[in-house]
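# Structural description and commentary
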Amino acid sequence: MSALLGDAARRLRSNPAALCAMFFILGMVVLTLLGPWLNPNGSDSLDWLHVASRPALQSAHWFGTDRLGRDLFARTLEGTRVSLAVGLVASAVSLIVGIGYGAAAGYIGGRTDHAMMRIIEILSGLPLIFFVIFLTVIFGRNEYLLFLSIGAVGWLTMARIVRGQTLSIRHREFIEAAVASGAGTARIICRHVIPNVIGPVVVYATLTVPQIIMLESFLSFLGLGIQEPHASLGTLIAEGAGEMEAAPWMLLVPGGFLAVLLLSLNVFGDGLRDALDAEER
Amino acid sequence: MNDAVAVTDALLRVRDLRVEFGGRAVLREVSFDLFAGETLGLVGESGSGKSTLARAVLRLLRASRGSVAWRGRDLLACDSRTLRALRRDLQIVFQDPLASLDPRMTIGETIAEPLRIFELALDEPARAGRVAGMLERVGLAAAMAGRYPHEFSGGQCQRVGIARAMILSPALLICDEPVSSLDASIQGQIVNLLRDLQADNNTAMLFISHNLAVVRHLSHRILVMYSGRLVEMAPRDALFDRPIHPYTRALLAAVPSPWAPQPQPAATAVPASLPSATGCSYRERCRYAAAICAATEPPLEEVVPGHFAACHRARELMT
Amino acid sequence: MEPLLNIEDLSVDYTHGGMEIPAVRQVSLAVAARESVGIVGESGSGKTQVFMAAMGLLAANAAVRGRVRFEGGDILGVGAESLNRVRGSKLTMVFQDPMTSLTPHLTIGTQLAEVLVCHAGRSWREARNAARHMLDRVRVPEPERRMSQYPHELSGGLRQRVMIGMSLLCEPLLVIADEPTTALDVTVQAHIIDLLGTMRRELGMALVLISHDLGVVAGLTDRILVMYAGRIVESAGAAELFQQARHPYTAELLKCIPSLTGPRQQRMPTLLGQPPRPGDPDEGCAFAPRCARAAPRCRTVRPPLEDAGGSAHRVACHFPLPS
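Note that the coordinates shown come from a computational prediction; the quantities given were computed from them, not determined experimentally.

## A look at the overall build of chain B
Within chain B one finds 11 helices and 12 strands. In terms of C-alpha radius of gyration, chain B reaches 21 Å, essentially the compact-globule figure of 20 Å for 319 residues. Over its C-alpha atoms, taken along the principal directions, chain B stretches across nearly 70 × 50 × 40 Å. When burial is assessed residue by residue, chain B has 59% of its 319 residues classed as buried. For chain B, contacts bridging at least 24 residues in sequence account for 63% of all contacts bridging at least 6.

Here it is in structure tokens:
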């Protein structure tokens, strides 16, 4: 498996578009972490002298300010950090839970599979909004709740995809060969099933990050996610959309960040699939 | 190879094995014995149940009835823990060499897997040494262990499959059409390799193939299957020189050869309808079919000592 | 007189991952009207690619060079519309897998009749009658009932009969059969070989039979071409080839056919080594690494396909076996 990852990394390195996307993503991560040191303005400090001012390099506010005089650069960086964190953590959670659950259901099959899939159907039948409101009522409003609720929904689809992939390889001869060699169920799932379904699944995971970022902004918009004075890309865009005619930069700056982020994630996901699937061709 | 196999207790004793898929029997009451060091050839056309038989014997699929006694112990009745322990001695080589190797594993990892399962005391260098030795034994360079299956040709992949099956020196090797997907120039290499490995370990072998010439080359005894049943079972020379069952005869007559005149289609091409529930399932294609063939299904009987056939007219056809 | 199908200097290269992988290298061959030609070779020898290229059926990443003429007109690189004037009517193909070459959701009758409606402009009623007649001709039992059946309801042998019938509907001048019996059982194979022979005699068409099985080709063809690593290495009349193969590869291949009769050898005869993989360096004779007769010259200078005496016996070898 380690040699395999080495091969995949080598192929990924020879794909300029994916490499470029990867550097963009890494650059954004570094930028959001270093942001507070690069910029003298805090994300929640108000500058009454510059309310809704245009972006200008010579002023203190490179990307301008919003209606309350808060520095847009600082707020966008904070928003990107929050959105990325929600997207990555929730995707990772759904990936891990979904792969384990889906591979087990698909490989074991029969009644176990039946029962496990019914559980998924029941869970996905619950409306997300009610689910989040329900949790908010019980635990109060906080950001971890957002991770939890999005993760709780995300793994369901992931488990279904993994199960489908598992079913498609379950009757391949190499699985039969492993059974005939005396390998147990756990060994077959870990060493033969998961490595063979991981390619399409990882690609799907990179594509869920943008979806989750969208979902987060939707929940935040409803007042169930990130709240003032904190920001995510979703809340900033919603805010900017309201001021689109008077202060277009309030929409364009966070919107541009989101677009670059989503594009990079998609291109990187594609590159990753090509790198991981080379054996299949 | 030693042609005379000492008659001892059978290693593998299959009795009345029956497999049904969705209520339809694809394997019907198959019984045979396999002795240590013996090679049993199994021929028949696609859909005759050859592969089903292989998989049912190894319990890779569920039989609905019958027993498979391995050294006196019923594989179909034992619990899954015992079965997994017994698999050490029961190995299989598959038809499609590439599909039977995990595309995500190096061939070294694939060959090492049985060692990881059964020889837990082995440390990493010792295991790598065993794998290297096995690779060389099957005619591949030890340095190839780090490569992936897609980098190899079909014949080389089949060598890897054989190495995985033989690394624990099993007492039984089932070969399910191991050379059918290989080119003629490669088939001989693989067959010779199987023979050599068998001689080294005194492995019993069930060799399944639709290629009669290959089966003739390496089997001691031959089973012929048709439509899920054994229709003939005989020592090799008896089967090829004096076939009894009309189906076996048709099979032998149909093999084309560059030096012989064009083979004559021996039987009726296509049965008019699905095989009926009663009587001999071959009768629709059989030129010797009589009234009794439609009435009852002929049992597999010993026509000549050691030579079994399931045909009502076996004794007439002998003369 | 110009042969029916004339292939000159045909090369096929695949582009894969930025690499040029040659599949067919400068193959020239001709098929005369009413002639039956066998093409023999192992997997990867390019035997199928030659004719897929001629029929314009290769994947998009294949680059084809050379010239293919059918009935005196160019058919290589002429675009689908003019190609379809001959393809499917005068020049037809039978594939290895009769299951995947029939459309699963249409009845046999519809699929057969469609050929005539499209190519011969017949009415559906006429076409269905002709289709039923053809099923009878290719000895499909109960043709009336089969017309309304779907491909999955037929056995493999029957499906291949239907495919052969389909290829014959427009009374083609040339049928290319690519491994028509490989997916079938040996008893069924004998029937299909018999059928192909009979139909050829009755309809007087030319036949190209592509196969890895020398036994299958032997009974059906007048002339046999042996391919290795994308090139023709030997070409001779069928009987002459089997009696007196001149190319070491052909001779070894013939030795590899295990026999049902005669004494059993201790070991099965084999050809040493592996066939070259696509993309391996192309220098000298491709068979040299596996050849017992190879000399240093074989590894550097490629032997051309030259007359080797006998009736149109050609061989590409510096040191052919004596005749």
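## Some words on the packing of helix 3 (residues 107-118) of chain B against helix 4 (residues 124-137) of chain B
Two measures define how a pair of helices packs: the angle their axes make with one another and the distance between the axes. All names here are of chain B. Remark: helix 3 packs on helix 4, axes separated minimally by 9 Å, with the N-to-C direction vectors making an angle of 115°. Judged by the sense of rotation from one axis to the other, the crossing of helix 3 with helix 4 is right-handed. Each of Ile107, Gly108, Ile111, Ala112, Leu115 and Arg116 in helix 3 lies in contact with helix 4, whose residues at this interface are Glu124, Arg127, Arg130, Val131, Met134 and Leu135. The class makeup of the residues in the contact of helix 3 with helix 4 is 7 nonpolar, 1 polar and 4 charged.

## Some words on the interface of chain B and chain A
Across the boundary between the two partners, chain B contributes 26 residues, which contact 25 residues of chain A. Summing both partners gives a buried area of about 2400 Å² for chain B against chain A, and 49% of it is carried by carbon and sulfur. The tally of links from chain B across to chain A stands at 3 salt bridges. Here Glu113 of chain B makes a salt bridge to Arg187 of chain A, at a shortest N to O gap of 3.1 Å. Where chain B touches chain A, the interface holds 9 residue pairs in polar contact (both at pLDDT 80 or more). Among the secondary structure elements, those contributing two or more residues to the side of chain B that touches chain A are strand 6 (90-93) and helix 3 of chain B. Broken down by element, the side of chain B that touches chain A gets its largest block of residues, 6 residues, from helix 3 of chain B.

## A word on the sheet that holds strand 4 (residues 62-70) of chain C
All names here are of chain C. If you walk across this open sheet you meet the 4 strands as 2-1-4-5, and the pairing is antiparallel. On the outer flanks of this sheet lie strand 2 (19-31) and strand 5 (73-74), each paired with one strand and no other. The sheet contact formed by strand 1 (residues 5-16) and strand 4 spans 8 bridges and is antiparallel. From the neighbouring strand, Val12 faces strand 4, where its bridge partner is Val64.

## Thoughts on the pairing of strand 7 (residues 174-178) of chain C
All names here are of chain C. Of all 5 residues in strand 7, 5 are buried; the element is thus mostly enclosed. Side chains Leu174, Ile176 and Asp178 of strand 7 all project onto a buried face; the interleaved residues Val175 and Ala177 project onto the opposite face, where all are buried too. Of the strand pairs in this sheet, strand 7 and strand 8 (residues 206-211) are connected by 5 bridges, and their pairing is parallel. Counterpart to Asp178 in the pairing with strand 8 is Ile210. For the segment spanning strand 7, helix 7 (residues 186-203) and strand 8, crossover handedness is right-handed.

## Details of the domain arrangement of chain B
All names here are of chain B. In terms of domain boundaries, chain B breaks down into domain 1 (12-241) and domain 2 (242-319). A straight line from the C-alpha centre of domain 1 to that of domain 2 covers 28 Å. Between domain 1 and domain 2, the contact holds 21 residues from the first and 21 residues from the second. Carbon and sulfur atoms supply 54% of the area buried between domain 1 and domain 2, which totals about 1800 Å² over both sides. The interface formed by domain 1 and domain 2 holds 3 salt bridges in total. Here Glu45 makes a salt bridge to Arg285, at a shortest N to O gap of 3.2 Å. Tallying contributions element by element places strand 10 (residues 229-235) first for the side of domain 1 that touches domain 2, with 7 residues. Of the residues that constitute the side of domain 1 that touches domain 2, the class distribution is 13 nonpolar, 2 polar and 6 charged.

## What to know about the sheet that holds strand 4 (residues 65-70) of chain B
The strands making up a sheet associate through backbone hydrogen bonding, with each pair oriented either parallel or antiparallel. Residue and element names in this part refer to chain B. Spatial ordering of the open sheet is given by 2-1-4-5, a layout of 4 strands whose pairing is antiparallel. Both edges of this open sheet fall to strand 2 (24-34) and strand 5 (73-74), since each of them pairs with a single strand only. Its contacts with the sheet put helix 1 (residues 50-57) on strand 1 (12-21), strand 2 and strand 4, and the angle it makes with strand 1 is roughly 115°.

## Thoughts on a nonpolar patch on the surface
All names here are of chain A. Residues Phe130, Ile133, Phe134, Val137, Ile138 and Phe139 make up a contiguous nonpolar surface patch of roughly 680 Å² in combined accessible area. Looking at the secondary structure, you find Phe130 in helix 5 (residues 128-139). Residue class for Phe130 comes out exposed when judged on its relative accessible area of 59%.

## Topic: the packing of aromatic side chains
Given two aromatic rings, one states the distance between the centres and the angle between the planes to describe the pair. Residues and elements named next belong to chain B. Evaluated as defined, the whole model comprises 7 aromatic pairs over all chains. Three or more aromatic residues joined by ring pairs make a cluster, and in this case those are Tyr226, Tyr247 and Tyr282. The ring of Phe240 is capped by Arg216, whose NZ or CZ atom sits 6.0 Å from the centre of that ring.

## Examining the pattern of salt bridges
Considering all chains together, one arrives at 42 salt bridges over all chains under this definition. Here Arg137 of chain B ties to Asp200 of chain B by a salt bridge, and the two come within 2.8 Å at their closest N and O atoms. Here Asp200 of chain B lies in helix 6 (residues 184-201) and Arg137 of chain B lies in helix 4, a separation of 63 residues in the sequence. Arg137 of chain B gets classed as partly exposed once you look at its relative accessible area, which sits at 32%. When its relative accessible area of 49% is taken as the criterion, Asp200 of chain B is described as partly exposed. One salt bridge connects Glu35 of chain C with Arg223 of chain C, and the closest N-O pair in it is separated by 2.7 Å. Of this pair, Glu35 of chain C sits in the loop between strand 2 and strand 3 (36-40) while Arg223 of chain C is found in strand 9 (residues 223-228), placing the two residues 188 residues apart along the sequence. One exposure class covers both Glu35 of chain C and Arg223 of chain C, and it is buried. Each of Glu173 and Glu176 of chain A together with Arg55 and Asp176 of chain B takes part in a single network of salt bridges with overlapping partners.

## A word on helix 9 (residues 233-242) of chain A
Of the residues making up helix 9 of chain A, those classed as buried are Leu233, Gly234, Thr235, Leu236 and Gly240 of chain A. Looking at the buried side of helix 9 of chain A, the elements it contacts are helix 3 (72-108), helix 8 (185-221) and helix 10 (249-276) of chain A.

## Observations regarding the interface of chain C and chain B
It is common to report an interface's size as the accessible area lost on association of the parts. Between chain C and chain B, the residue contacts involve 50 residues of the former and 44 residues of the latter. When the buried area of chain C at its contact with chain B is split by residue, Leu260, Arg264 and Met268 of chain C rank highest and sum to 21% of it. For the pair chain C and chain B, the number of links is 1 salt bridge. Between Arg267 of chain C and Asp196 of chain B there is a salt bridge; the shortest N-O distance is 3.0 Å. Put simply, the parts of the chain that give the side of chain C that touches chain B at least two residues each are helix 5 (143-147), helix 6 (156-168), helix 7, helix 8 (214-220), helix 9 (238-243) and helix 10 (248-255) of chain C. Per-element accounting of the side of chain C that touches chain B gives the leading share, 7 residues, to helix 7 of chain C. When grouped by side-chain class, the residues that make up the side of chain C that touches chain B number 22 nonpolar, 16 polar and 12 charged.

How each quantity is defined
- Residues numbered from 1 in each chain as written.
- Chains lettered and ligands numbered in written order.
- Predicted model: local features only at pLDDT ≥ 70, side-chain atom pairs only at ≥ 80, totals over all residues.
- Heavy atoms only, no water.
- Helix = DSSP H or I, 4+ residues; strand = E, 2+ residues; numbered from the N terminus.
- Rg over C-alpha atoms; globule rule 2.2 N^0.38 Å.
- Buried < 20%, exposed > 50% of the residue type's maximum accessible area, 1.4 Å probe, protein only.
- Contact = heavy atoms within 4.5 Å.
- Axes fitted to C-alpha atoms, helices over the stretch in contact; angles between N-to-C directions.
- Left-handed = near helix turned anticlockwise from the far one by under 90°.
- Nonpolar A, V, L, I, M, F, W, Y, C, P; charged D, E, K, R; others polar.
- Buried area = accessible area lost by both parts, 1.4 Å probe.
- Salt bridge = Lys/Arg side-chain N within 4 Å of Asp/Glu carboxyl O.
- Polar contact = N/O pair within 3.5 Å; in protein donor to acceptor, adjacent residues only side chain to side chain.
- Pairing = 2+ DSSP bridges.
- Right-handed = clockwise from strand over helix to strand, strands pointing away.
- Domains from an automatic or database assignment.
- Patch = residues over 30% accessible without salt bridge, like charges linked within 9 Å, V, L, I, M, F, W, Y side chains within 5 Å.
- Areas by Shrake-Rupley, 256 points an atom, 1.4 Å probe, with all protein chains shown as cover.
- Phe/Tyr/Trp six-rings, centres within 6.5 Å; stacked < 30°, edge-to-face > 60°.
- Lys NZ or Arg CZ within 6 Å of the ring centre and 35° of its normal.

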